[in-house]
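# Coordinates in review
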Amino acid sequence: MNYTTKKMLTNWRVILVFITLLLAVVAISPNPYADGVAIRSITMNSSASSAGIESSKPTAAPMTRERIISMNNIPIHNMSDYYNFVDTLEPNRTIQIKTNKGMYQLVTQPLLKITILNETEQKIINETIFVNETINGTVQLVEKIVEKTIIVNKTRSEIIGTEDLGLVVYDAPTTNLRKGLDLQGGTRVLLAPEEKLDSDNMDILLENMKYRLNVYGLSDVVVREVGDLSGNQYILVEIAGANEQEVKDLMSKQGKFEAKISNDTVFKGGGDITHVCRTAQCSGIDPSSGCGMSGDLWVCRFMFSISLSPEAAQKQADLTRNLDVITENGEDYLTEKIYLYLDDEQVDELNIGADLKGRAVTDIAISGSGSGQTEQEAIFNSLANMKKLQTVLITGSLPVKLNIIKTDNISPSLGNEFVKSALIMGLLSLVAVLLILMIRYRKLKLVIPMIITSIVESVALLGVAAVIGWNLDLAAIAGIIIAVGTGINDQIVITDEALRGEKSEAYDWKKKIKNAFFIVMGSYFTMGVAMIPLMFAGAGLLKGFALTTVIGFSIGVFITRPAYAAIIELLTKE
Amino acid sequence: MGDEQPKEQLSGHIQHTCEHKPEQKNAEIKIEKPKLSLKQSLIHFYDTKYRKILFFTLSLLILSVFLIGLKIAKTGDFVEKDISLSGGMTITIFHEQSYDIKELQNYLASQFPDKQLSIRSLTQLGKTVGIIVEGTDIDSDKVIASLGQKIGTISAEDYSVSMMGSSLGNTFFRETLKAIFVSFMFMGLVVFLYFGENLKMKFIATIATFIVGAMIFGGTTSIIKDFIAYILGLGLITLYYKNNRPSFIMILTVFADLVVTLAVVNLLGMKISTAGIASFLMIIGYCVETNILLTTKVTKKKEGSVIERILDAFKTGFIMTATAVSAVLIALVFTQSDVIKEIMAILLIGLIADMIYTWGQNVALLRIYLEKKSANHELHN
């Protein structure tokens, strides 16, 4: 180690760069050998959730996510290992999952198909009714549970496969850098509330929206408020990794659910509904009507049961008490139907059985339909509609109606391609810059520190991104390009200033550096102030760009540039 | 460094001429002209014909303003907005095979006769890697299903769909323009604080710039408030003109760079997206840097002649722009992303315009300013 190198390495500015680099690497914590598949989310009421596996927060650092390492002692290295294993699973078996955090026992659940038979059977069920009773001399309405015998069609359940484990996984991340949706694929929806919300209502809205998506089965979601300079409010929803186009309408629905009998509200979604059944036993394709052709489309009906609060049940009893009974196709119905509305739009109408007249029934069935080109598609669509309706009934309505104003569905495979080509691009650009600098300075001794400084700057910038949990998307990449580009420019200024009049005594080193930094700081301040307005404009669409640029500039000006100047000083003095 | 030899020779005799009247200098140089290398004659041209260069850059600027004005008259807007700003749907399908784009276009037109759909191919290194379909007011699923019948089923993994509401596009565009205006004013302020000399004026300019920012960004938006802010902005520029000419010259150069870039972008028929707006901001950044370099060297330094200082700055600035251009070119060729391509193309145009305006217009205006200043100085003495 010669004298100059030694001096270089002991310079406090250079040491500061090393510390920055070290911190950045720790923050990014790269591990190219990270094995297994990382758990993105857990579906509610699935085998995985009953086994106690927990979804990590969407804001958690990528490297802290739980990773599945083996299943039944078969090592899982990547997604295809995982799917190969899962495909062989049979129902009602216990499997062992080993993650980097612990062991879990999962019991696979059977996938049932329930068919209705023509035979009937007797069943005894409990029903809550309200009766007038005289207590202490006053007539009061009291709830009573009575046993009732009903005749129902026999059902047969067949096991047709294994229910999904409820694990959503992806290849284990190798760094703490969060890829934005542009790079990893996913769905991004920007919504605007129809009227202005105060901060309390906005919080309620965001919470409800998150809850709604979780109930629907998506836990790896980011829901946050964004604004713009004109004071418009927006809600940004990002769902990573998956193309979830169907959740669009789930989000734009205010979810105001109402059931009405002759224009009087019987019950509403949310508070009036105490339970929504989502298991295969009491929800699914309606076995009594099933699927059929309507025109040139297949239509399927779905149904699921819900439980009403006693107040809502009583309301229904009051509203049906004075209705007449009519007979239709040999069955007795009431003259009025019950109409179901979602966001003031009628979604279904149901006949009310004559035996429900004037009775406070808490358990009722809700139905609806879905259509498609083929029977398969119709089944799929009606089950999807059912899931959305169930979600809305559980989570209740949002404070206002929301309009979708922007959606992006980015395919995950495109993102991977993009990352690859961006890396190649970056590398080639660096080589091109190196060549030009070589033509100009003709000394590797001068050019190598320049290139190293640029690389250090990019790594430090990525480190900051990892620490603040910033998503790297296209805008951020553009920001990195401009930060590194400006960095190279500043280094050229410093180098030229250092080489100027090398032999002339008129220049002392301090003056040279002062001259160079006068230019460097000038461009830093102008660019800094130019970027700040962009952070707040237009629903934050360019915030990533502005933020990355400003952070990149600051790292450059305060950390790497002084160190570069120190190195150049030693090199030119040599 | 051997290549500095001829320049030193040249600047040697300029040193005692240039500080005086330009007519004298011309005469003197012509006399001792006999053999000049290409480089020397270029430098000679640059040194003496700066008024011609200025005439060229100003004509280009006026032509650009005229072209943009024509565009506004024709389309009502000064840029061609793409779907991401005007509202609509974009489907990007990655499918590595070659397509007959015309045939697909006709096919889609027959499938959706009442809709406006445009289709183009996506290329990387000249190879087709996919197609892009754009349209307004149409269900993307239907388009994908119908395209699938023509080119084979498209799996959900292989395409991306973006939808932008026209109201958001408009708001975004309007706001970003305002943000660029405020950025520009702040940039002007920093330049004035940097190069200006009058402390009182600096104080006034700072307060006024913050008022402009607050008026554009604060509270509810109103046309009157915006209008006052723009007037105040113009007032500030006038203040820079009166108080510190180099600052004004620099602001004019950055402005010209942006305007000329925009005119070229329009001429090439490029459409601007949200990302395109970001690239205009990048241009401000690059342009400011070379201009600060030039203005610092020319106005803050005393040693050497003016042309010597200019050439010194040019040597540094040229390498700065050259490295940027090389990186931009590489990105332009190797990317498969339409967004990155757009950013890089605009940046490339801007960098070339920056070369012309920094080393042509800014240099010429600075020299005229310095001549007048020294003439005044002599007069006072």
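Cut-off values and rules
Residues numbered from 1 in each chain as written. Chains lettered and ligands numbered in written order. Predicted model: local features only at pLDDT ≥ 70, side-chain atom pairs only at ≥ 80, totals over all residues. Helix = DSSP H or I, 4+ residues; strand = E, 2+ residues; numbered from the N terminus. Buried ≥ 20, exposed ≤ 12 C-beta atoms within 10 Å, placed from the backbone. Contact = placed C-beta atoms within 7 Å. Domains from an automatic or database assignment. Nonpolar A, V, L, I, M, F, W, Y, C, P; charged D, E, K, R; others polar. Pairing = 2+ DSSP bridges. Axes fitted to C-alpha atoms, helices over the stretch in contact; angles between N-to-C directions.

### Overview of the overall build of chain B
Regarding its fold elements, chain B presents 14 helices and four strands. The buried share of chain B, taken over its 381 residues, is 43%. Long-range contacts, defined as pairs at least 24 residues apart, comprise 74% of the intrachain contacts of chain B with a sequence gap of at least 6.

### Looking at the domain arrangement of chain A
The parts lose accessible area when they come together, and the size of an interface is often stated as this lost area. Residues and elements named next belong to chain A. In terms of domains, chain A is made up of domain 1 (3-30 + 413-573), domain 2 (37-109), domain 3 (186-251) and domain 4 (256-397). The C-alpha centroid of domain 3 is placed 37 Å from the C-alpha centroid of domain 1. In this assembly, five residues from domain 1 lie in contact with five residues from domain 3. Residue classes in the side of domain 1 that touches domain 3 are distributed as three nonpolar, two polar and no charged.

### Considerations on the interface of chain A and chain B
On the side of chain B, 59 residues touch chain A, which itself brings 58 residues to the contact. The set of elements that each furnish at least two residues to the side of chain A that touches chain B consists of β24 (402-410), α10 (412-441), α12 (474-499) and α13 (509-536) of chain A. It is α10 of chain A that provides the largest number of residues to the side of chain A that touches chain B, a total of 15 residues. For the side of chain A that touches chain B, a count of residues per class yields 35 nonpolar, 17 polar and six charged.

### What about the pairing of strand β5 (residues 103-107) of chain A?
Residues and elements named next belong to chain A. Where strand β4 (residues 94-99) lies against β5, five bridges are found, and the strand directions are antiparallel. Bridge pairing in β5 places Ile97 opposite Tyr104. Joining the antiparallel neighbours β4 and β5 is a turn of three residues.

### Here's the deal with the environment of Phe210 of chain B
Tracing the sequence through the fold places Phe210 of chain B in helix α9 (residues 199-217). Overall, the presence of 13 C-beta atoms within 10 Å leaves Phe210 of chain B in the partly exposed class.

### Regarding the sheet that holds strand β12 (residues 233-240) of chain A
If you walk across this open sheet you meet the eight strands as β11(A)-β12(A)-β10(A)-β24(A)-β4(B)-β1(B)-β3(B)-β2(B), and the pairing is antiparallel. What marks the edges here is a single partner per strand, and that holds for β11 (221-227) of chain A together with β2 (117-124) of chain B. Ignoring which end each strand starts from, the neighbouring axes of this sheet average 20° apart. Two strands pair when backbone bridges link them, and strand β1 (residues 88-94) of chain B and strand β3 (residues 127-135) of chain B are joined in this way by six bridges, in the antiparallel orientation. Considered in β3 of chain B, the bridge of Thr92 of chain B is made with Ile132 of chain B. The sheet contacts of helix α6 (residues 199-216) of chain A involve β11 and β12 of chain A, and relative to β11 of chain A the element is tilted by about 155°.

### Remarks on unusual backbone geometry
All names here are of chain A. Phi is positive for Ser29, close to 35°, though the residue is something other than glycine. Within the secondary structure, Ser29 is located in the loop between α2 (12-28) and β1 (37-42). Phi angles above zero are rare outside glycine, and Asn73 is one such case at about 65°. Following the sequence through the fold, Asn73 ends up in the loop between β2 (67-71) and β3 (74-75). According to the C-beta neighbour criterion, Asn73 is exposed, with 7 such atoms within 10 Å.

### What about the environment of Phe248 of chain B?
All names here are of chain B. Within the fold, Phe248 resides in helix α11 (residues 245-267). We classify Phe248 as buried; it has 22 C-beta atoms within 10 Å. Each C-alpha atom of the pair Phe248 and Gly188 lies 8.0 Å from the other, and the pair is 60 residues apart in sequence. Each residue touching Phe248, except ones within four places of it in the same chain, is listed here: Ile237, Tyr240 and Tyr241.

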